[in-house]
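# Understanding the architecture of this molecule
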Amino acid sequence: MVFSAKAIGIGALLSAVPVYAASYSQTKVYDSTNFFEGFNFTSDPDPSGGFVNYVDAETAKSAGMAKISNGAVYLGANYVDKSPNGRPSTRVRSKDVFTTGLFVADIAHMPAGTGKGGSCGIWPAYWTSGPNWPNSGEIDIIEGVNGQKSNAVTLHTAKGCNMDVSGSESTANQTSADCEDSDAGCSQGTTSANNYGAAFNANGGGVYVTEWASLSISVWFFPRGSAAANAVINAGAADLDVAKFGAPLARFEGNTCDIAERFKSNYIIFNTNFCGGWASREFLNDETCASLADTCDAWVANNPAAVEDAYWLVNSVKIYARND
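A brief report on the enclosed structure follows. Within every chain, residues take consecutive numbers counted from 1 along the sequence as written. Per-residue local features of the predicted model are confined to residues with pLDDT of at least 70, and side-chain atom pairs are confined, for both listing and counting, to 80 or more; whole-chain, interface and lining totals are unaffected and use all residues. Only hydrogens and water are set aside when side-chain values are computed; all heavy atoms of the structure are taken into account.

### Some words on the pairing of strand 16 (residues 216-223)
Per-residue accessibility, obtained with a 1.4 Å probe over protein chains only, is compared with the maximum for each type, and a residue is labelled buried under 20%, exposed over 50%, and partly exposed between these values. Secondary structure counts use DSSP, requiring at least four H or I residues in a row for a helix and at least two E residues in a row for a strand, with both numbered from the N terminus. Of all 8 residues making up strand 16, 7 are buried, and the element is well covered by its neighbours. Alignment of strand 15 (residues 206-212) against strand 16, held across 7 bridges, turns out to be antiparallel. Bridged to Y208 within strand 16 is F221. The pairing of strand 16 with strand 18 (residues 250-254) spans 4 bridges and is classified as antiparallel. Looking at the pairing, V219 lines up with A250 of strand 18. Two strands are said to pair when DSSP picks up at least two bridges between them.

See below:
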């Protein structure tokens, strides 16, 4: 690994739990200077049946739902008007597609709620997905619903794909090993206190690093202000070596699954969904949420101020290619 001088000592700052060593060189950066040139707004109906109306670029920008705010990319939803037919929101997809690589997302804020209803009805996601779903795979790097406290990292692909997660942090909780295209996919829950939702935002966010390799897919989280986050951010365009990152928050290795065959040509996606199959079901199972309204849709439709904090604030997404 060859870090810049300001990042010297990262090996001492990050734990040295063995992982498959690989060094990566930066190939692309999306930030406030070019993000909206590198991503398309998608206004198609939500595939999960969410109570949402994704808007086009012109509408998003004119309504203030997409903009540059304090040097970061803001992607939000309408929190002013009642929306009986679905809440206007944003969903963006990279123009480029990727097969393998290291993806470093420096995120200052993610969609969450802090008022009376908390995050009830909110379903945010930072993920990748390819054409002909699920045959080219889906990697859910950040995802959750309602009052979920910690992030869930999930893979989806076609039938007949099971994953081994033995290289994950000891706190990771595998809820399923089968990645078949069901609601669940193969998922690893986490227990970190500040890697998701309001707690993530209160800490100023952090850095999510995703290594998509030919034999495994791994995700690390480094909270804002930590030595690890500072080292990765301050490395700039210098090479990154995942061997210095310690055990991933979540790691998937193909067991009965050829990752190189199952995951390919994915877009990078950020979106803020509301209700839909998963969030609506969990809304009614959550005592706090269920006390607010008879349905998730009714809560989100009639309480716009409850989603004022349902926005992404992205400092940058950096793409690295493996040094072979």
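### Some remarks on the state of the cysteines
Counting rule for disulfides: a pair of cysteine sulfur atoms within 2.5 Å. Evaluated as defined, the whole model comprises 4 disulfides. There is a disulfide in this structure between C275 and C296, and the S-S distance comes to 2.1 Å. Looking along the S-S bond of the C275-C296 disulfide, the torsion reads about -90°, which is the left-handed sense. Separated by 21 residues along the polypeptide, C275 in the loop between strand 19 (267-274) and helix 7 (276-285) and C296 in helix 9 (residues 296-302) bring together distant segments of the chain.

### Points about the pattern of salt bridges
Salt bridge criterion: a side-chain nitrogen from Lys or Arg within 4 Å of a carboxyl oxygen from Asp or Glu. The tally for this structure, following the rule as stated, stands at 6 salt bridges. A salt bridge links R91 to D46; its shortest N-O distance comes to 4.0 Å. Highlighted residues: R91 in strand 7 (residues 91-94) and D46 in the loop between strand 2 (39-41) and strand 3 (52-54), separated in sequence by 45 residues. Here D46 falls in the buried class, since its relative accessible area comes to 12%.

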